Amino acid sequence: DERRILSNDGALSIGAVLAPANALYFSPYVNRAIPAAEKFASADRFLPRVVLLFCLGGLAVLLYPHWVMMLLFSRQFEPAVAILPWFVAWQCLYQISNVYLQLLIGLDDARGYGVVATLGHLAAAALCLSLVGRFGLLGIGISFVVGALITALLTRMRLRSRHGLSIPPIVAVLVVYA
């Protein structure tokens with residue numbers, strides 16, 4: 001049903017604000033010729049802002065999903081409300097991962113970025129193919145969340161193994177909270 005497909009747009013509406021913020025404020029900074037430690041610190045300062053903004057937008061979507069769907073589309077899309085939380089969770093994980101993926105690029109680790117992003121997207125695509133038949137659109141939401149988790153974990157592993165970056169515990173707590 002096409003009404004349920006558009007539930008993804010409720011989550012993407014939040015990302016439509018955060019992705020340009022990342023591109024305008026964070027990416028140019030970490031792509032400068034500055035020490036890696038300063039780039040790490042800027043990621044740790046920028047991520048809580050992304051999480052805060054996401055929580056504000058995501059909370060509204062989760063608390064008032066019927067209103068959000070009606071404002072973005074119409075009342076006919078209310079059946080999509082049931083799967084909306086999966087797409088909000090995916091967008092949250094995606095935005096968090098994107099900060100650290102941009103950090104990989106800023107550290108001139110384009111290969112790591114390419115491998116991590118590709119593996120995360122391939123995992124999501126493979127899961128979509130296997131879950132959509134059984135669970136319908138819910139399977140897509142689950143697949144996107146798992147793909148974003150894989151991307152986040154692989155990005156963290158790459159930053160630690162290649163660049164010696166350990167994500168501070170307070171940032172990890174904030175991410176889990178989000």
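Residues numbered from 1 in each chain as written. Predicted model: local features only at pLDDT ≥ 70, side-chain atom pairs only at ≥ 80, totals over all residues. Heavy atoms only, no water.

Visitor: Which residues make up the confidence of the model for the chain, and what values go with them?
Guide: With 89% of its residues at a pLDDT of at least 70, the chain reaches an overall mean of 84. Across the chain, the element-wise mean pLDDT spans from 44 in helix α1 (residues 2-5) up to 96 in helix α6 (residues 110-135). Low pLDDT (under 50) marks residues 1-11, which in the prediction has 31 contacts with non-local residues, meaning those over four places away or in another chain. (pLDDT = per-residue confidence, 0-100. Helix = DSSP H or I, 4+ residues; strand = E, 2+ residues; numbered from the N terminus. Contact = heavy atoms within 4.5 Å.)

Visitor: Quick rundown of unusual backbone geometry? Include the residues and the values.
Guide: One non-glycine residue, D108, lies in the positive phi region at around 60°. Mapped onto the secondary structure, D108 falls in the loop between α5 (84-106) and α6. Judged by its relative accessible area of 70%, D108 falls in the exposed class. (Buried < 20%, exposed > 50% of the residue type's maximum accessible area, 1.4 Å probe, protein only.)

Visitor: How would you sum up α6? Please name residues and give values.
Guide: Under the 1.5 Å per step criterion, the end-to-end length of α6 is 36 Å for 26 residues, consistent within 8% with the ideal 38 Å. A bend of about 35° at L129 is the largest found in α6. The set of residues buried in α6 consists of G112, V116, A117, G120, A123, A124, C128 and L131. Each element contacted by the buried residues of α6 is listed here: α5 and α7 (137-163). A positive phi of about 65° marks G136, the residue just after α6. (Expected span 1.5 Å × (residues − 1). Bend = angle between axes of the 7 residues up to and from the residue.)

Visitor: Give me helix α4 (residues 65-72): which residues, what numbers.
Guide: All buried positions along α4 are accounted for by P65, V68 and M69. Seen from one end, α4 has its buried residues packed into an arc of 95°, which puts them on one side. Exposed residues on α4 whose side chains face more than 90 degrees from its buried face are W67 and L71. (Arc of directions from axis to C-beta.)

Visitor: Explain the pattern of salt bridges to me, using residue names and the numbers behind them.
Guide: Enumeration according to the criterion identifies two salt bridges in this entry. Between E78 and R75 there is a salt bridge; the shortest N-O distance is 4.0 Å. Judged by its relative accessible area of 27%, E78 is partly exposed. The class for R75 is exposed, based on a relative accessible area of 58%. In this structure, D109 and R158 form a salt bridge, with 2.8 Å as the shortest nitrogen-oxygen distance. Of this pair, D109 sits in the loop between α5 and α6 while R158 sits in helix α7, placing them 49 residues apart in sequence. (Salt bridge = Lys/Arg side-chain N within 4 Å of Asp/Glu carboxyl O.)

Visitor: Kindly report on the nonpolar core, identifying the contributing residues and their values.
Guide: In this structure, L47, V99, Y100, L103 and L159 are the most contacted members of the largest nonpolar core, which totals 26 residues. Looking at this core element by element, the count peaks at nine residues for α5. Aside from chain neighbours lying at most four places away, what touches L159 is Y100, L103, L104, L107, G164 and L165. W90, L93, V145 and A148 belong to the second-largest nonpolar core, a separate cluster that totals seven residues. (Core = buried A, V, L, I, M, F, W, Y, C linked by side-chain atoms within 4.5 Å.)

Visitor: Please set out the packing of aromatic side chains residue by residue, giving values where relevant.
Guide: Tallied over the full model, the rule gives three aromatic pairs. Ring geometry for F87 and F144: centres 6.0 Å apart, planes at 90°, overall edge-to-face. One end of the pair, F87, is in helix α5; the other, F144, is in helix α7, with 57 residues separating them in the sequence. Overall, F87 belongs to the buried group, its relative accessible area being 3%. Here W90 and F144 contribute two aromatic rings whose centre-to-centre distance is 4.9 Å and whose plane-to-plane angle is 50°, an arrangement assigned as tilted. Note that W90 is positioned in helix α5 and F144 in helix α7, a separation of 54 residues in sequence. A relative accessible area of 22% places F144 in the partly exposed class. The rings of F87, W90, Y94 and F144 are connected pair by pair, giving a single aromatic cluster. (Phe/Tyr/Trp six-rings, centres within 6.5 Å; stacked < 30°, edge-to-face > 60°.)

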